[in-house]
Amino acid sequence: MVRGNELVIRPAKTNTGGEFAEQILADLIEQGYSSKELLQHFKQAQSQVRPAVEKMIGEAESAAFSESEYVSYEDVFGNEGNI
């Protein structure tokens, strides 16, 4: 969040990535997964959400303290086809 000339970063919530469930399911269904295969891929993709968010927060903190360079969306989350 931007407040005046400050960038405010808040801690990640303690949920398990459920807020992305609908997007994950839609993407996997679009890729043609169904039944047990869909469930397997969903669990795998959902387990990657929290570590990705934590990594993104860590990199944002490093960038805020000028410890690192610019990081792109792909650097944090990879390519969309890798779910």
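See the structure above.
Okay, so let's go over this structure. (Residues numbered from 1 in each chain as written. Predicted model: local features only at pLDDT ≥ 70, side-chain atom pairs only at ≥ 80, totals over all residues. Heavy atoms only, no water.)

Considerations on the nonpolar core
Core analysis: the biggest nonpolar cluster contains nine residues, these being Ala21, Ile24, Leu28, Leu38, Phe42, Ala45, Val49, Val53 and Ile57. Looking at this core, the elements with two or more residues in it are helix H1 (21-30), helix H2 (35-47) and helix H3 (49-64). (Core = buried A, V, L, I, M, F, W, Y, C linked by side-chain atoms within 4.5 Å. Buried < 20%, exposed > 50% of the residue type's maximum accessible area, 1.4 Å probe, protein only. Helix = DSSP H or I, 4+ residues; strand = E, 2+ residues; numbered from the N terminus.)

Let's talk about the pattern of salt bridges
Applying the stated criterion across every chain yields a total of two salt bridges. In this structure, Glu6 engages Arg3 in a salt bridge whose closest nitrogen and oxygen atoms are separated by 3.5 Å. According to the relative accessible area criterion, Glu6 is partly exposed, its value standing at 42%. Its salt-bridge partner being Arg50, residue Glu54 comes within 2.9 Å of it at the nearest N-O pair. Pair noted here: Glu54 and Arg50 are both in helix H3, with a separation of four residues, about one helical turn. Taking relative accessible area as the criterion, Arg50 reaches 34% and is therefore assigned partly exposed. (Salt bridge = Lys/Arg side-chain N within 4 Å of Asp/Glu carboxyl O.)

What about the packing of H1 against H2?
For the pair H1 and H2, the least separation of the axes is 10 Å and the interaxial angle reads 135°. Classed by the angle they form, the pair H1 and H2 counts as oblique. When the axes of H1 and H2 are compared, the crossing they make is right-handed. Contacts between H1 and H2 involve Ala21, Ile24, Leu25, Leu28 and Ile29 from the former and Leu38, His41, Phe42, Ala45 and Gln46 from the latter. (Axes fitted to C-alpha atoms, helices over the stretch in contact; angles between N-to-C directions. Parallel < 35°, antiparallel > 145°, perpendicular 65-115°, else oblique. Left-handed = near helix turned anticlockwise from the far one by under 90°. Contact = heavy atoms within 4.5 Å.)

Quick word on H1
Those residues of H1 lying buried are Ala21, Ile24 and Leu28. For H1, the arc enclosing every buried residue in end-on projection is 65°, short of the 170-degree limit, so these residues lie on one face. Residues of H1 that are exposed and point over 90 degrees away from its buried face: Glu22, Ile29 and Glu30. Two residues or fewer past H1, Gly32 is found with a positive phi of approximately 100°. (Arc of directions from axis to C-beta.)

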